[in-house]
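Structural overview for review
One-letter residues, chain by chain:
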Amino acid sequence: MTASKKTGGLAGVTAGSTALCTVGKEGAGLTYRGYDIYDLADNASFEEVAYLLTHGKLPNPAELAAYIARLKTLRGLPEKLRQVLEMIPANAHPMDVQRTGVSFLGNIEPEGDFSNQVAVADRLLACLPSMLLYWHRFHQDRTRIETETDDDSVAGHFLHLLHDKPPSERHRKCLDTTLILYAEHEFNASTFAGRVITGTLSDMHSAITGAIGALRGPLHGGANEAAMALIEKFSSADEATAGVLGMLARKELIMGFGHRVYTTSDPRNAVNKRMSKMLANEAGDMTLYDVSEAVEKVMWDEKKLFANADFFAASVYHFMGIPTYLFTPIFVCSRITGWTAHVMEQRANNKLIRPAADYIGPGLQKFVPIDERK
Ligand code: COA
């Protein structure tokens, strides 16, 4: 049967197995290697979660300390990579910067045989914020920053490089929590793209380069930037309600709502929403939060569509002074853990991923030579 628009996009199709994550599974919800996302968001650090995904278990205190120390040594950028980053134009999208950065790193630090895969995963996790913010600060501030900070966490490192000073503990913790929420999500589009590339026995840099390309689009990771563009258009809840009603009447998509797998809510939203309210309070201006809640209410009342992880993540990042165009790249700095874990899982039991297609083209045609064609 030919896939219709409704049944297309492999919706509902099981395309393989994974021990990394459940998404909306009855009785389990969202879990990473069997751990509930709420337990992890409330009690773990992003580094513990990264270790869980890429090293297979939660670290003990000594393992965590060694992991944090190792990541800190992997934040530096080789001179040739810095030169490449400087050549990427200031008006490029930072997702393209990360895509090029990872791809170039694959040239100067090739994976070699797969026995190095955990080391490559650690290196990418440690240096993705460095690449992004080296490029950003080079063009914004005309400065060549040192990317090796003394911050223990990826979140602290990111905010330190961005703002040129260590962040407040509250901001660091909020970013850390969003990194936990974004880290892994089963066979989403970018992860699946990475697994398809891995299935050909290609290298990890190629798989991650492809995954970044897939995440970039507004139907996937790019939704957090699009959600910000939406909410900052409105200056009050009433204006937002009227505006979104108009958009729905014109059949426009409201970014940050809906999900392929979840049907009634996205469990990550409650955590992001709580942080958004707290940071709005801290900033002393509830407008953006009130606008966001108004959009959420209209979407539920009119379409029974709920905010996904990207919607309130947008205002959380905004309140921390992060420019909108860095929102999706932050997703990369987190999801790199899930992606690399999936690369390793795919390799452990590899089979080339090559589905079939329903042919809907013309029947067999008679070939006409070029000089006889009208
Ligand atoms: N705004 C308005 N309408 C939406 C919508 C949204 N965000 N999401 C889904 N719909 C509508 C569709 O227009 C469609 O309506 P129709 O039946 O009248 O044609 C219906 O809901 C089903 O949507 P569909 O696109 O078939 O669902 P999907 O499973 O293929 O799509 C998404 C899932 C995530 C791609 C989709 O909800 C979307 O585009 N969301 C906005 C982008 C986004 O936030 N992405 C991040 C996901 S974590």
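Here, every reference points to the structure presented above.
Criteria and cut-off values
- Residues numbered from 1 in each chain as written.
- Predicted model: local features only at pLDDT ≥ 70, side-chain atom pairs only at ≥ 80, totals over all residues.
- Heavy atoms only, no water.
- Helix = DSSP H or I, 4+ residues; strand = E, 2+ residues; numbered from the N terminus.
- Rg over C-alpha atoms; globule rule 2.2 N^0.38 Å.
- Buried < 20%, exposed > 50% of the residue type's maximum accessible area, 1.4 Å probe, protein only.
- Contact = heavy atoms within 4.5 Å.
- Areas by Shrake-Rupley, 256 points an atom, 1.4 Å probe, with all protein chains shown as cover.
- Lys, Arg positive; Asp, Glu negative; His and termini not counted.
- Charge placed at Lys NZ, Arg CZ, Asp CG, Glu CD.
- Pairing = 2+ DSSP bridges.
- Polar contact = N/O pair within 3.5 Å; in protein donor to acceptor, adjacent residues only side chain to side chain.

Moving on to the overall build of the chain. Check the secondary structure of the chain and you find 16 helices and three strands. Over its C-alpha atoms the chain spans a radius of gyration of 22 Å, differing by no more than 12% from the 21 Å that the globule rule assigns to 374 residues. When its C-alpha atoms are laid out on the principal axes, the chain stretches across 70 × 55 × 50 Å. When the 374 residues of the chain are sorted by exposure, 51% land in the buried category. Put simply, of all contacts in the chain between residues at least 6 apart along the chain, 75% involve residues at least 24 apart. Here the chain has roughly 17700 Å² of accessible surface; of this, 54% comes from carbon and sulfur atoms. Counting 39 positive and 44 negative side-chain charges, the chain places the centres of these two groups 6 Å from one another.

Attention now goes to the sheet that holds strand S3 (residues 35–36). One key point about sheets: their strands pair by backbone hydrogen bonds, in either a parallel or an antiparallel sense. Pairing within the open sheet is antiparallel, and its three strands lie in the order S1-S2-S3. This sheet does not close on itself; its edge strands, each paired only once, are strand S1 (21–25) and S3. Where S1 lies against strand S2 (residues 29–32), three bridges are found, and the strand directions are antiparallel. Each bridged residue has a counterpart across the sheet, and for Cys21 the counterpart in S2 is Tyr32.

Relative to the helices and strands, Asp113 is located in the loop between helix H5 (94–108) and helix H6 (117–141). Sequence spacing of Asp113 and Arg70 is 43 residues, and the spatial spacing of their C-alpha atoms is 21 Å. Within the structure, Asp113 has its side chain in polar contact with the side chain of Ser115 (distance 2.4 Å).

Moving on to the side chain of Asp122. If you trace the backbone, Asp122 turns up in helix H6. A residue is classified by how much of its surface remains accessible, and Asp122, at 3% relative accessible area, is buried. Those residues in contact with Asp122 that lie beyond four places of it in its chain are Thr54, His55, Tyr67, Arg70, Leu71 and Leu74.

This brings us to the pairing of S2. A loop of three residues connects S1 with S2, the two strands running antiparallel in sequence, and Gly27 in this loop sits at a positive phi of about 80°. Joining the antiparallel neighbours S2 and S3 is a turn of two residues, in which Arg33 adopts a positive phi near 45°.

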